[in-house]
Amino acid sequence: MLLFIQSAFAESTADTGTASSMFMQLLLPIAFFAIFYFMIIRPQSRRAKEHRQMIDAIKEGNEVVFAGGLMGKVKRTQGEYAVIALNATQEVMVQRASIISVLPVGTIDSLK
């Protein structure tokens, strides 16, 4: 008889615990998504937006560094490409998206 009372008591307490248990099961994935969003997705989209604005603002005469590590001065832009003068005689054409940084004017001359 004692065995039946304990199981009946366990059933009645289990019913009240399911609502809070279900809430906790929903809360955990929502919390993980919020952390993932604020720590990874949002900062990455902000960096991509800043890079896109930098690429759109590139004009003739800017000194830039591109993904290969080379530095040069922008001679002209042609759509999605830019012609970069590495020195007085060498020019290369690169995709504007490969430019990772715009340097202050005079940086290349100060490094020589």
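Residues numbered from 1 in each chain as written. Predicted model: local features only at pLDDT ≥ 70, side-chain atom pairs only at ≥ 80, totals over all residues. Heavy atoms only, no water.

Colleague: In this structure, what is going on with the UniProt feature "transmembrane region" (unreviewed entry) in the protein chain? I would like to understand it.
Modeller: Taking the UniProt record as the reference, the feature "transmembrane region" (unreviewed entry) is found at residues 24-41. Span residues 24-41 is 100% helix and 0% strand, its end C-alpha atoms 24 Å apart. (UniProt positions renumbered as here; feature names shortened; annotations may be inferred. Helix = DSSP H or I, 4+ residues; strand = E, 2+ residues; numbered from the N terminus.)

Colleague: Mind showing me how you'd approach the layout of surface pockets here?
Modeller: By rolling a water-sized probe across the atoms, one finds the places where empty space is left. Volume-wise, the largest pocket comes out at about 160 Å³. In this structure, the largest pocket is lined by Glu63, Met71, Gly72, Lys73, Lys75, Ala85, Leu86, Asn87, Ala88, Ile108, Asp109 and Lys112. Among the elements that line the lining of the largest pocket, the one with the most residues is strand β2 (residues 71-78), at four residues. Across the lining of the largest pocket, the residue classes break down as five nonpolar, two polar and five charged. (1 Å grid on protein atoms, 1.4 Å probe; cavity = no way out; pocket = protein on both sides within 12 Å on 5 of 7 lines; lining within 4 Å. Points joined across faces, edges and corners; volume = space filled by probe spheres on them. Nonpolar A, V, L, I, M, F, W, Y, C, P; charged D, E, K, R; others polar.)

Colleague: Please clarify how the nonpolar core should be interpreted in this entry.
Modeller: One recurring pattern in soluble globular proteins is that nonpolar side chains are buried together. In this structure, Ile55, Ile58, Val64, Phe66, Val74, Ala82, Ile84, Val94 and Ile99 together form the largest nonpolar core, which totals nine residues. Mapped by element, the contributors of at least two residues to this core are β1 (63-66) and β3 (81-85). Residues in contact with Val64, not counting those within four places in the same chain, are Leu70, Met71, Gly72, Val74, Ile84, Ile99, Ser101, Val102 and Leu103. (Core = buried A, V, L, I, M, F, W, Y, C linked by side-chain atoms within 4.5 Å. Buried < 20%, exposed > 50% of the residue type's maximum accessible area, 1.4 Å probe, protein only. Contact = heavy atoms within 4.5 Å.)

Colleague: I would appreciate a short explanation of the pattern of salt bridges in the present structure.
Modeller: A side chain of one charge can pair with a side chain of the opposite charge when the charged atoms of the two come close. Considering all chains together, one arrives at one salt bridge under this definition. Here Glu63 makes a salt bridge to Lys73, at a shortest N to O gap of 4.0 Å. With Glu63 in strand β1 and Lys73 in strand β2, the pair connects residues that are ten residues apart, well separated along the chain. (Salt bridge = Lys/Arg side-chain N within 4 Å of Asp/Glu carboxyl O.)

Colleague: Would you take a moment to explain the pairing of β2 for this structure?
Modeller: Successive side chains on a regular strand alternate, one facing one side of the sheet and the next facing the other. Of the strand pairs in this sheet, β1 and β2 are connected by three bridges, and their pairing is antiparallel. From the neighbouring strand, Val64 faces β2, where its bridge partner is Gly72. Counted along the chain from β1 to the antiparallel partner β2, the turn is four residues long, and its residue Gly69 has a positive phi close to 95°. Relative to β3, β2 runs antiparallel, the two sharing five bridges. Within β3, the position partnered with Gln78 by the bridge is Tyr81. In sequence, β2 turns back onto β3 through a hairpin of two residues, with Gly79 there showing a positive phi of about 65°. (Pairing = 2+ DSSP bridges.)

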